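Each chain, written out:
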Amino acid sequence: LQKLIHLLQATDDPLIQEQALITLSNSAAFSVNQDIIRNLGGLSIIGGMLSECLPKVKEKALNALNNLSMNIKNQEEIQVSFLKEKNQSIET
């Protein structure tokens, strides 16, 4: 999981991003992986993929976040990240 999250940060290739997001999304079907992804900072990295131009990458990021949001702690972190992002966009 750590390598997949790092891969998302390191590549601009949309095909690689899509595949990494699909794998993370599938992994997030298991609660233990939901915690691991959160603890590795994966929520903000996956959330950052929502700003990508390609709809397929956004879709895969949303799928991953949907699976990750089955975890209460992840829900809280996603909400906080979303609010911070909205506040920053309002300020600029």
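Source: prediction; values computed, not measured. (Residues numbered from 1 in each chain as written. Predicted model: local features only at pLDDT ≥ 70, side-chain atom pairs only at ≥ 80, totals over all residues. Heavy atoms only, no water.)

*Asks:* How would you summarise the pattern of salt bridges if you had to cite specific residues and measurements?
*Replies:* For the structure shown, the criterion picks out two salt bridges. Among the salt bridges present, the one from Glu18 reaches Lys60, with a minimum N-O distance of 3.7 Å. Pair noted here: Glu18 is in helix α2 (residues 14–27) and Lys60 is in helix α5 (residues 55–68), with a separation of 42 residues, a long-range link. A single burial state applies to Glu18 and to Lys60, both of which are buried. (Salt bridge = Lys/Arg side-chain N within 4 Å of Asp/Glu carboxyl O. Helix = DSSP H or I, 4+ residues; strand = E, 2+ residues; numbered from the N terminus. Buried < 20%, exposed > 50% of the residue type's maximum accessible area, 1.4 Å probe, protein only.)

*Asks:* Lay out α2 with the relevant residues and their values.
*Replies:* For α2, which comprises 14 residues, the first-to-last C-alpha distance of 20 Å matches the rise-based estimate of 20 Å (1.5 Å per residue) to within 8%. The complete set of buried residues in α2 reads Gln17, Glu18, Ala20, Leu21, Leu24, Ser25 and Ser27. Regarding α2, its N-cap is Asp13, as a side-chain oxygen of that residue lies 2.8 Å from the backbone nitrogen of Leu15 further along. (Expected span 1.5 Å × (residues − 1). Polar contact = N/O pair within 3.5 Å; in protein donor to acceptor, adjacent residues only side chain to side chain.)

*Asks:* Now, about the environment of Phe82: what can you tell me, with residues and values included?
*Replies:* Take Phe82: it is sitting in helix α6 (residues 72–91). For Phe82, a relative accessible area of 48% puts it in the partly exposed group. Note: C-alpha distance between Phe82 and Arg38 (44 residues apart in sequence) is 15 Å.

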